[in-house]
Amino acid sequence: MRRVRVFFHDKCFDGSVSAAVFSALYRARIQAEAEFEYRGLAHKANDLFNPAEFTGDENAIVDFKYSPDPRITWWFDHHQSAFLSAADAEHFRQDAGGRKFYDPESPSCASFIAHIGRERFGFDSAPVAELTRWSDIIDSASFASAEAAVALAEPALKLTLAIEGSRRPDFLQRLIPDYLRHSLEQLLRLDYVQQELQPLLERHRETQKLMRGLLDCHGGVAYFDLTEYDLEGYNKFIPYALCPRTVYSVGVSRSSFRTKVSVGSNPWHAVPGMINLASLCEQYGGGGHPRVGAISFEPGALQAARQAAQDIAGLLRRQLQNGGAAEN
Ligand SMILES: [Mn+2]
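Reference entry: report on the structure contained in this document. (Residues numbered from 1 in each chain as written. Predicted model: local features only at pLDDT ≥ 70, side-chain atom pairs only at ≥ 80, totals over all residues.)

Consider a sheet: its strands pair through backbone hydrogen bonds, and that pairing is either parallel or antiparallel. Judged by pairing direction, the sheet is parallel, and its five strands sit side by side in the order β2-β1-β3-β4-β5 without closing on themselves. If you trace the sheet from one side to the other, it starts and ends with β2 (35-41) and β5 (100-102), each paired once. Ignoring which end each strand starts from, the neighbouring axes of this sheet average 20° apart. Where strand β1 (residues 3-9) and β2 come together, seven bridges link them in parallel fashion. Note that in β2 the partner of His9 across the bridge is Leu41. Its contacts with the sheet place helix α1 (residues 13-29) against β1, β2, β3 (58-62) and β4 (72-77), and it is angled at close to 155° to β1. (Pairing = 2+ DSSP bridges. Helix = DSSP H or I, 4+ residues; strand = E, 2+ residues; numbered from the N terminus. Axes fitted to C-alpha atoms, helices over the stretch in contact; angles between N-to-C directions. Contact = placed C-beta atoms within 7 Å.)

Here you go:
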C-alpha cells in the first residue's frame, strides 16, 4: 500500500477539486489501495514549499507551482506563472517521466487532470464530470453576471465561499475525499460544511456593505484596501457587482501569513487590449493567470504592498485612458 501526499492550491475550489480528481485517477489507474494525505499550499513571499513535508511514497503537486525536488513524482498545473525560475522551467522540460503536465490554456487544473487521465492513463472521468465542469466555470469566472457570482445561488459557489474563507486546517482534508462520495448539492448539506458556511454567508453580506463604502471606482479601475479588516477570502466579484463599468480591480488584503495585492479584471466588461495581469504581477514578484493575478508580501510589509497596489492601479488607469476604454 502506497502513501500518496497530495499538495494542492489551498483555499481554492479548483485546487481542492484537483486533489480529489488526482486521487480518483491514481486509485483507478495506478494503485487501488493507495492512501492519500492532503496538504494545502499558499502563495506567500518566501518558502513556498517545505521539503521536509515531501514524505509520501509519492508526492504530487496540483494547481500550484513546480518544484524540481526529486521527491515530487507528479505535477499538474495550468497557471501562466507556474515556474519560480527559468531553471525550474528547464527542469520540467527535461523531465521524461511522463507524470508532470502543464497546460496554461486549460480553464482549470482539475479538468486538465481529468483530460490527461483519459488520454494517457485510460481514466474514466465521467464520475468527476460535475466537479471538473464547476472548476472550469469558477477558475475562468464564466458566470452569467457579477450579480450571479455574488448571489451564490449555486451549490458550487456556496462551497467556494466556505473553501476560501474557512480557517480550519482540517476542513479541506475532510472535503477532498468527500468530493468523490457526494454530489455538490449533497456536500452542502453535510454538518461540517454547514458549520463553516453559515458564518461566512453572514460575513459575505457584511463584506458587500463594507466594500460599498470603501471602493474607489474611477478611470475604469476599482481600488480597495481591506488591510484594516481581517478579510482575506472575500468574494472577488463584489467590486464588479458594485461598479459594473469597471475594467480592472486592485485590492490589498491581509492575513496572518501574508499581505496580498490582488489584481483582477471584470469578466463582464472586457475591453480591447487588456493587459496580461500575470505578467504585470510577475514584475512585482507575483503571478497568476492573464486575467487575474496576485502578489504576496510579508505580513508586515503593508506600505510596500499598498505602494505596489497604487502603482498598478495608476498604470492600469493610464493604459485605459490611452486606449480610450475607461468609462468610469
Ligand atoms: Mn486553478
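Where α1 contacts helix α7 (residues 171-179), the two axes come as close as 8 Å, and the packing angle between them is 55°. The pairing of α1 with α7 is recorded here as oblique in orientation. Between α1 and α7 lies a crossing of right-handed hand. Here α1 contributes Ser16, Val17, Ala19 and Ala20 to the contact with α7, which in turn contributes Leu172, Leu175, Ile176 and Tyr179. Looking at the contact of α1 with α7 residue by residue, the class counts come to seven nonpolar, one polar and no charged. (Parallel < 35°, antiparallel > 145°, perpendicular 65-115°, else oblique. Left-handed = near helix turned anticlockwise from the far one by under 90°. Nonpolar A, V, L, I, M, F, W, Y, C, P; charged D, E, K, R; others polar.)

Attention shifts here to the pairing of strand β7 (residues 221-225). Of all the five residues making up β7, four are buried; the element is thus mostly covered by neighbouring parts of the structure. Relative to β7, strand β6 (residues 216-218) runs antiparallel, the two being bridged by three bridges. Across the sheet, residue His218 finds its bridge partner in β7, namely Val221. In this antiparallel pair of consecutive strands, β6 and β7, the connection spans two residues, and Gly219 shows a positive phi of 60°. Bridging between β7 and strand β8 (residues 248-254) involves five bridges; their strand directions are parallel. Across the sheet, residue Val221 finds its bridge partner in β8, namely Tyr248. (Buried ≥ 20, exposed ≤ 12 C-beta atoms within 10 Å, placed from the backbone.)

Everything listed here is a matter of geometry and, on its own, says nothing about what the molecule does.
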